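Letter by letter, the chains look like this.
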Amino acid sequence: MATVQVTGSGIGLLPSFEGLSRSSVKFSTSSAGIASSKRSFRGLVVKAATVVAPKYTTLKPLGDRVLVKIKTAEQKTTGGILLPSTAQTKPQGGEVVAIGEGKTVGKAQVDVSVKTGAQVIYSKYAGTEVDFNGVSHLILKEDDIVGILETEDVKDLKPLSDRVLIKVEEAEKETAGGLLLTEASKEKPSIGTVIAVGPGPLDEEGKRKPLSVAPGNSVLYSKYAGNDFKGADGSDYIALRVADVMAVLA
């Protein structure tokens, strides 16, 4: 039968465990061992490590960069149905809260064309997202801003630089033979009417070059270019660069 001895200096085990029972466990300590133990741990203090992140009170964009406070994602559909976080549309708009000093083009100093307080729409995957003062922001180049939204309706979007806003022509709802098409089988249209145009890109002297299309033009554009939006009237709109417009239709 094995005996377990616990002493101030350690634990000793005999080779055999056969027949081990509660009564066969003996504890023996000495006053010297207890005193030594007390001396060993007296004054021992364990403190949890805390990492304190630096606190920043301002964020100043440089050059032609802009800091945008991201608009909160919609949590309900227009019919009032609550959306789970995975189904919420990633916001593409927000408010400009800070701007850089602009950039140099040739010998000209060109200021950023948007002002603080402006509501803007930007390219879907542009910029770097930062959490500043507990709020989500995006820092991006001015060229990544699609346009300024002066109302809640995308049809009032004011395009920037070389971008144009187009109202998309509705897709055909039936084939030439009269067969009704489902939403999934409808051909994505690439024809529409120009609603608004930007001031044009900058040339080497920092001056704006006018665009080759004008409001009212019917145009053919690249099928998968630009940023798609849904207007308040249910119509589809697309904002894209003028280089993605392939032809003017007459």
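To start, this report covers the structure provided alongside it. Along each chain, residues carry numbers from 1 onward, in the same order as the chain's sequence is written. Only residues with pLDDT of 70 or above have their local features reported here, since the model is predicted, and side-chain atom pairs are shown and tallied only from 80 upward, although totals for entire chains, interfaces and linings are computed over all residues. Side-chain figures throughout are based on the complete set of non-hydrogen atoms in the structure, without hydrogens or water.

So, on to the sheet that holds strand β9 (residues 128–132). Across the sheet, which stays open at both edges, the seven strands sit in the order β9-β10-β4-β5-β8-β11-β12 with antiparallel pairing between neighbours. This sheet does not close on itself; its edge strands, each paired only once, are β9 and β12 (157–159). Each neighbouring strand pair of the sheet contributes to a mean axis angle of 40 degrees, computed without reference to strand direction. When DSSP locates at least two bridges between a pair of strands, those strands are taken to pair. Going along the chain from the N terminus, every DSSP run of H or I of four or more residues is numbered as a helix, and every run of E of two or more is numbered as a strand. Where β9 lies against strand β10 (residues 135–141), five bridges are found, and the strand directions are antiparallel. The residue bridging Glu129 from the neighbouring strand is Leu138, located in β10. Angular values range over 0 to 180 degrees, each being the angle between N-to-C directions of two axes fitted as lines to C-alpha atoms, with helices fitted over their stretch in contact.

With that settled, the discussion passes to the sheet that holds strand β17 (residues 236–241). Spatially, six strands are ordered β16-β17-β13-β14-β15-β18 in an open sheet, and the strand pairing comes out antiparallel. Looking at strand neighbours, the two that pair on one side only are β16 (227–230) and β18 (245–249), the edges of this open sheet. Each adjacent strand pair in this sheet contributes to an overall mean axis angle of 40 degrees, direction not counted. Here strand β13 (residues 163–168) runs beside β17; their pairing, made up of five bridges, is antiparallel. Considered in β17, the bridge of Val164 is made with Leu240.

Attention now moves to the pairing of β16. Of the two faces of β16, only the one carrying Asn227 and Phe229 is buried; Asp228 and Lys230 on the other face are not. In the sheet, β16 pairs with β17 via four bridges, with the strands oriented antiparallel. Along β17, the bridge assignment pairs Asn227 with Ala239. The hairpin turn running from β16 into β17, its antiparallel successor, is five residues long, and Gly234 in that turn takes a positive phi close to 90 degrees. Only protein chains enter the calculation, and the probe is 1.4 Å; a residue is then buried if its accessible area is under 20% of its type maximum, exposed if over 50%, and partly exposed in between.

Attention shifts here to the pairing of strand β14 (residues 191–197). Here β13 runs beside β14; their pairing, made up of five bridges, is antiparallel. Its bridge partner being in β14, Ile166 is matched across the sheet by Val194. Note: β14 against strand β15 (residues 218–221), three bridges, orientation antiparallel. When the sheet's bridge partners are listed, Thr193 is paired in β15 with Ser218.

Secondary-structure assignment places His137 in strand β10. His137 sits in the buried class, given a relative accessible area of 7%.

As a further point, take the nonpolar core. With 16 residues, the main nonpolar core has Val66, Val68, Val96, Val114, Val120, Leu140 and Ile145 as its most contacted residues. Those elements that place two or more of their residues in this core are β4 (65–70), β5 (93–99), β8 (119–122), β10 and β11 (145–149). Ranked by residue count, the leading element in this core is β4, at three residues. In this view, Val96 contacts Val66, Leu67, Val68, Val114, Lys115, Thr116, Gly117, Ala118 and Val120; residues no more than four positions away in its chain are not counted. Definition used in this section: a nonpolar core is a set of buried Ala, Val, Leu, Ile, Met, Phe, Trp, Tyr and Cys residues joined via side-chain atoms within 4.5 Å. Should any heavy atoms of two residues lie within 4.5 Å, those residues are counted as being in contact.

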